[in-house]
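Close look at the chain arrangement
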Amino acid sequence: MNMLALLRCEWRRLWVRPFAWWLAAVVIAGMAWELVLMLGPFLAQQSTLLASGANIGYTDLVLLPWLALFVIAVVLMTPLVTMSTLAGERRGGTLPLLFASGLSPAGIVLGKYLAALGWLLLVLLALVAMVLVLSLSGSPDWGKLGATLLGLVLLMAMLAAIGVACSAWAAHPALAAASALVVTLALMLVDRSSLQQGVIQDAAHWLALPTHLQPMGRGLVSSADIAWFVIVTALALALAIHRVGQEKDRD
Amino acid sequence: MLSWIWGRRQNRQVTENVPLLQLQHVGRLRAGRQAVHGLDLTLDRGQVLGLLGVNGAGKSTTLGMLAGALRPSSGRILLDGRDFVEQPELARDLVGWLPERAPLWPELTVAEHLTAHARLHGLRGQALRTACTSMLECLQLGDLRRRLVHALSQGQRQRVGLACALLHKPPLLILDEPGNGLDPVQAADLRTLIRDHAADGGAVVLSTHLLPEVTAVCDRVAILHEGRLRHDAPLDDDLSKVFMSIATTHTVEAA
């Protein structure tokens, strides 16, 4: 129950922070603009596509590439949303107050994590609303869209966990954001060199984020990919909980 | 007037026949050195304990441990007979803490702050609304309720911090320099508040540098010096002499 109280408090703090609104507004407006830009060429070529009989529609040509762009936005936005969760609390001297209200380290981390994740999911919801509006004038491939959205939700959950973990370990929110971005980029690029050498089945490839995200972007959902996201998320949260637990022993 | 604040909640399950707070050989390392050494202390309901000491004596560290914000390196803290280190969740119902310089969330208003703290301490529904409204009234924060915390003066912030510590009617109240930034009238109100809390069966640990504040409200005085308890006795008329003697003697010894 205490954790839910912290979750509510965090939500309230996010709601009244101009930065969070500004960030969400920029991302949503940018994505809406991109969607309009991508729809233009598609509409211009629609009759040609129909005449050629190609089994490809606006899900493949517009929506999936558009949602792939959103991955970049998520990678950049998440560290900014999560950077203050624990590092800001520590700097403001309010972390001891949370301990003094009987919250466990796990309660503190989960309350903050769920609040940040909830905010990210709201942004995703705005994008889903755009897709739903488009679906009124066409029939998207719901299977592919569902798989892609699942991938995005798992990505957000994982990046939020990494962001909270970095915030737990960093002394300053800016450091937390930078380190979360570095960890994310490392996960995205870890298999780059082995891919260049033509190796696609090594440990680096398994560790790489695109290995598990890209299949979902093509409509393929496998339990191994979901498990990878769950493992990385759980690991990041465990590290954050461990670090917050040490806070009571710090000088 | 303030009796509503101190009414015990029915579900609190406070045991009446054991001391509210017991410290048994409590120690704490800080920056590689022993900040608090084997502290033994007992506090019963109805008592106000003044915790004195020069800067760096270990007062804030001790209060942090009593509030559950710091873990002792050694020893036990029993809160209402239960091991506080093993059960840190006891803090939710049993402890109210005002740290030095009242840390607050700057983006929230005063009213939002109180609501958030009330929820964190388990208050819900009507009980939450009543507690917040009464606390705003009691600490004269009504006019500030919609003001953002970062726009408050130090005295106002201190009162908000105090309201947050008192909201859930904790039996044990821990106050670290609560008079910081308060004007004389507010300081007098604070003394009344502390006395009322003790009169209603609560206990208070008060850390301050102001000896008149101690003589006005405390029954007992404990003096810490270099992390050790040098004095623990009922309030004495010659408190300032005792304090100066301990500070000087042990500083000279250390030199």
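Quick caveat: nothing in here was measured; it's all calculated off a predicted structure.

Our next topic: the overall build of chain A. Looking only at helices and strands, chain A features 12 helices and 0 strands. Going from N to C terminus, chain A has its helices and strands arranged as α-α-α-α-α-α-α-α-α-α-α-α. Since a compact globule built from 251 residues should have a radius of gyration of about 18 Å, the 20 Å found for chain A is in line with a globular shape. Per-residue burial for chain A yields a buried fraction of 41% across its 251 residues. Restricting the contact set of chain A to residue pairs at least 6 apart, pairs at least 24 apart contribute 80%.

In terms of helices and strands, chain B carries 9 helices and 10 strands. For chain B, with 255 residues in total, the buried portion stands at 47%. Considering only residue pairs separated by 6 or more positions, chain B has 68% of its internal contacts joining residues 24 or more positions apart.

Residue and element names in this part refer to chain B. Confidence along chain B averages 86 in pLDDT terms, with 89% of residues attaining 70 or more. Per-residue pLDDT stays below 50 along residues 1–11; that stretch engages in 17 contacts with residues further than four places along the chain or on separate chains. In the predicted assembly, ipTM is 0.86 and pTM is 0.89.

In this complex, chain A contributes 22 residues to the contact, which on the side of chain B involves 26 residues. Elements with a minimum of two residues in the side of chain A that touches chain B: helix H1 (2–15) and helix H5 (95–99) of chain A. The element that contributes the greatest number of residues to the side of chain A that touches chain B is H1 of chain A, accounting for 7 residues. Residues belonging to the side of chain A that touches chain B are distributed by class as follows: 9 nonpolar, 6 polar and 7 charged.

In this structure, leucine 211 of chain B sits in helix H8 (residues 211–217). It is 7.8 Å that separates the C-alpha atoms of leucine 211 of chain B and leucine 239 of chain B, two residues lying 28 residues apart in sequence.

This next bit is on the pairing of strand S4 (residues 74–79) of chain B. Residues in a regular strand project their side chains so that they alternate between the two faces of the sheet. All names here are of chain B. Alignment of strand S1 (residues 21–30) against S4, held across 5 bridges, turns out to be antiparallel. Among the inter-strand pairings, glycine 27 is bridged to a residue of S4, identified as serine 74. Of the pairings in the sheet, the one linking S4 to strand S5 (residues 82–83) comprises 2 bridges and is antiparallel in character. If you follow leucine 78 over to S5, its bridge partner there is aspartate 83. In this structure, the hairpin formed by S4 and S5 is closed by a connection of 2 residues, where aspartate 80 is found at a positive phi of approximately 55 degrees.

In a packed pair of helices, the relevant descriptors are the angle between the two axes and the axis-to-axis distance. Residue and element names in this part refer to chain A. Between helix H6 (residues 105–135) and helix H12 (residues 223–246), the least distance of the axes is 8 Å, while the angle of their chain directions is 130 degrees. When the interaxial angle is binned, H6 and H12 end up oblique. Every pair of crossing elements has a handedness; the one defined by H6 and H12 is right-handed. Two secondary-structure elements touch here, H6 through Pro105, Ala106, Ile108, Val109 and Tyr113 and H12 through Leu237, Ala240, Ile241, Val244 and Gly245.

It is worth spelling out the sheet that holds strand S9 (residues 220–225) of chain B at this point. Residue and element names in this part refer to chain B. The strand order across the open sheet formed by 6 strands is S6-S7-S8-S3-S9-S10, and the pairing between neighbours is mixed. Looking at which strands have only one partner, the edges of the open sheet turn out to be strand S6 (95–98) and strand S10 (228–234). Going from strand to strand, the sheet's axes swing by 15 degrees on average, the running direction of each strand aside. The pairing of strand S7 (residues 172–176) with strand S8 (residues 203–207) spans 5 bridges and is parallel. Directly across from leucine 175, in S8, lies its bridge partner leucine 206. Its contacts with the sheet place helix H7 (residues 184–199) against strand S3 (48–52), S7 and S8, and it is angled at close to 145 degrees to S8.

Each strand in a sheet pairs with its neighbour through backbone hydrogen bonds, running either in the same direction (parallel) or in the opposite one (antiparallel). Residue and element names in this part refer to chain B. Reading across from one edge, S2-S1-S4-S5 is the order of the 4 strands in this open sheet, with antiparallel pairing throughout. Strands with a single pairing partner mark the edges of an open sheet, and in this sheet they are strand S2 (33–43) and S5. Helix H2 (residues 59–67) contacts S1, S2 and S4 of the sheet and is inclined by roughly 125 degrees relative to S1.

Residue and element names in this part refer to chain A. Orientation of H6 relative to helix H7 (residues 142–169), taken along the N-to-C sense of each, is 150 degrees, at an axis distance of 9 Å. Of the possible angle classes, the one that applies to H6 and H7 is roughly antiparallel. For H6 against H7, the interelement crossing comes out right-handed. Counted together, Val109, Lys112, Tyr113, Ala116, Leu117, Leu120, Leu121, Leu124, Val128 and Val131 of H6 and Leu145, Leu149, Leu152, Met156, Ala157, Ala160, Ala161, Gly163, Val164 and Ala168 of H7 form the full contact between these two elements.

So, on to unusual backbone geometry. Note on backbone geometry: most residues besides glycine have negative phi, and most peptide bonds are trans. All names here are of chain B. Look at glutamine 140: it is not a glycine, yet its phi comes out positive at around 55 degrees. Relative to the elements of secondary structure, glutamine 140 occurs in the loop between helix H5 (125–138) and helix H6 (154–166). Non-glycine residue glutamate 226 carries a positive phi angle of around 50 degrees. Counting through the fold element by element, glutamate 226 comes out in the loop between S9 and S10.

The rules behind each value
Residues numbered from 1 in each chain as written. Chains lettered and ligands numbered in written order. Predicted model: local features only at pLDDT ≥ 70, side-chain atom pairs only at ≥ 80, totals over all residues. Helix = DSSP H or I, 4+ residues; strand = E, 2+ residues; numbered from the N terminus. Rg over C-alpha atoms; globule rule 2.2 N^0.38 Å. Buried ≥ 20, exposed ≤ 12 C-beta atoms within 10 Å, placed from the backbone. Contact = placed C-beta atoms within 7 Å. pLDDT = per-residue confidence, 0-100. Nonpolar A, V, L, I, M, F, W, Y, C, P; charged D, E, K, R; others polar. Pairing = 2+ DSSP bridges. Axes fitted to C-alpha atoms, helices over the stretch in contact; angles between N-to-C directions. Parallel < 35°, antiparallel > 145°, perpendicular 65-115°, else oblique. Left-handed = near helix turned anticlockwise from the far one by under 90°.

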